[in-house]
Amino acid sequence: MNRYSRNQMAQHVARDIPEGAYVNLGIGMPTLVANHIPADREIVLQSENGLLGMGPAPDAGEEDYDLINAGKQPVTLLPGASFFHHADSFAMMRGGHLDICVLGAFQVAVNGDLANWHTGEPDAMPAVGGAMDLASGAKQVFVMMEHLTKKGESKIVEHCSYPLTGLRCVSRVYTDLATIHITSHGLFVGDFVEGLSLEDLIKLSGVKMQALNN
Amino acid sequence: MINKIFASSEEALADVHDGATILIGGFGSAGLPTHLTDALIAKGARELTVVNNNAGNGEKGLAALMKAGCVRKLICSFPRQVDSWVFDELWRAGKIELELVPQGNLAERIRAAGAGVGAFYTATGFGTELAKGKETRQINGRDYVLEFPIHADFALVAAETGDRWGNLTYRKTARNFGPIMCMAAKTAIAQVHHIVELGSIDPEHVITPGIFVKRVVQVERVAYDPTPAKRGEQRP
């Protein structure tokens, strides 16, 4: 089966981020989105540790470890950048000022419920960070994830079995098989990988979906 | 004359008592007040409740404080990191209590304590395990969870420049929790790299006004190694 590469998935997300958007990219796969934002589009990246106007990683030897992102990696500043404390940073999310956040996920339900912070296993150390603030606060929540688990089970589900991060918050899911729009009228599939039919995709996903243009 | 400058971290922490609640600034290593945490270990106060975004890295700073057996409870948003094995082992052995808090709730609960807010409703966490048992309320059609402030006896923060009135500036993303933690503690203690004459910090550039700060200590800037620590590794 063909799959989109992580960079292709990141391109799909970047394509859908409009000029002027304030965006938070989650740790891990979503970080790749920054590399694919078209040069002619002005987008402001927020890092929840207290930075707006985040630029790319510095050149080797230029790292400043007081200037890091949420993943604790060194970054740079773009002209117009600003620093702020944590309560202001989270007010940007919680107060509905942030246009888009891009998060990873264990599962997304057809109603937009998100599970991405805890496997729920009794011996698993729970850690949440800013995931719940982003899920409930950002105007739009995009998810980037593999479509299937390693066992081949769909991560798009009728109801999340993992503990929830946020309720009815996800509006779009970018997977290695397809881009899926979550609406109050159901799931709509935008693009999907070559060699896969819509019927195959629906079968693999185990939930109702229809083509976006129908 | 007001003079909040203390000669050493040890003197600044001399009255930390057993059972104290202590806010410790920092996000990862940026803004972590390592000189003050080292002095806290030397002080030897026990049964502490510590508030920090993370759960320590390697075996230094906050991790060392926990390893020394000083911490009874950690209030934290992200305790799971590749080099946070000290906390991990204590938690699994039931030797330390964890209160896991969404990061924005952590920040807002600290800010609320500093601002005299009795409690507040937030949408974060509604319908999740982290809101279980908490009061909820629907306001204008949206569901909220009631959250309470985190008051503390002490705050230990790392700032860049301070003066004898306790005015502070910070450096880049090392600011993180510093300003709100200073507000929320009865006694806020700042380690700074520069102490300057009163009036030298442009009033337009003061980030934490001195009213929130009780003690300021000058410390050497230590270059830190931000890569995840490995077990058994010796670090300066």
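Everything below is about the structure printed above this text.
Residues numbered from 1 in each chain as written. Chains lettered and ligands numbered in written order. Predicted model: local features only at pLDDT ≥ 70, side-chain atom pairs only at ≥ 80, totals over all residues.

### Structural notes on the overall build of chain B
What chain B contains, in helices and strands, is six helices and 14 strands. Computed over its C-alpha atoms, the radius of gyration of chain B comes to 18 Å, within 12% of the 18 Å expected for a compact globule of 236 residues. By its C-alpha atoms, chain B is 50 × 45 × 30 Å across when sized along the principal axes. Burial statistics for chain B: of 236 residues in total, 53% are counted as buried. (Helix = DSSP H or I, 4+ residues; strand = E, 2+ residues; numbered from the N terminus. Rg over C-alpha atoms; globule rule 2.2 N^0.38 Å. Buried ≥ 20, exposed ≤ 12 C-beta atoms within 10 Å, placed from the backbone.)

### Here we look at the nonpolar core
Counting residues in hydrophobic clusters, the biggest one holds 132 residues, and the most contacted among them are Val141(A), Val143(A), Ala155(B), Met181(B) and Ala184(B). Excluding its chain neighbours within four sequence positions, the residues that come into contact with Met181(B) are Leu23(B), Gly25(B), Ile110(B), Ala155(B), Val157(B) and Ala188(B). (Core = buried A, V, L, I, M, F, W, Y, C linked by C-beta atoms within 7 Å. Contact = placed C-beta atoms within 7 Å.)

### Comments concerning the sheet that holds strand β10 (residues 161-162) of chain B
Sheet strands line up and pair through hydrogen bonds in the backbone, either parallel or antiparallel. Residue and element names in this part refer to chain B. Across the sheet, which stays open at both edges, the three strands sit in the order β11-β10-β13 with mixed pairing between neighbours. Each edge of the open sheet is held by one strand with a lone partner, namely β11 (168-169) and β13 (194-195). With two bridges connecting them, β10 and β13 associate as parallel partners. Paired with Thr161 across the two strands is His194, which belongs to β13. (Pairing = 2+ DSSP bridges.)

### Observations regarding the interface of chain A and chain B
Chain A puts 31 residues into the contact, and the matching count from chain B is 38 residues. Elements with a minimum of two residues in the side of chain A that touches chain B: α2 (86-94) and α3 (131-137) of chain A. Among the elements that make up the side of chain A that touches chain B, the one with the highest residue count is α2(A) (five residues). Taken together, the residues of the side of chain A that touches chain B break down into 16 nonpolar, nine polar and six charged. (Nonpolar A, V, L, I, M, F, W, Y, C, P; charged D, E, K, R; others polar.)

Note that every value here comes from positions in space, so none of it alone points to a role or purpose.
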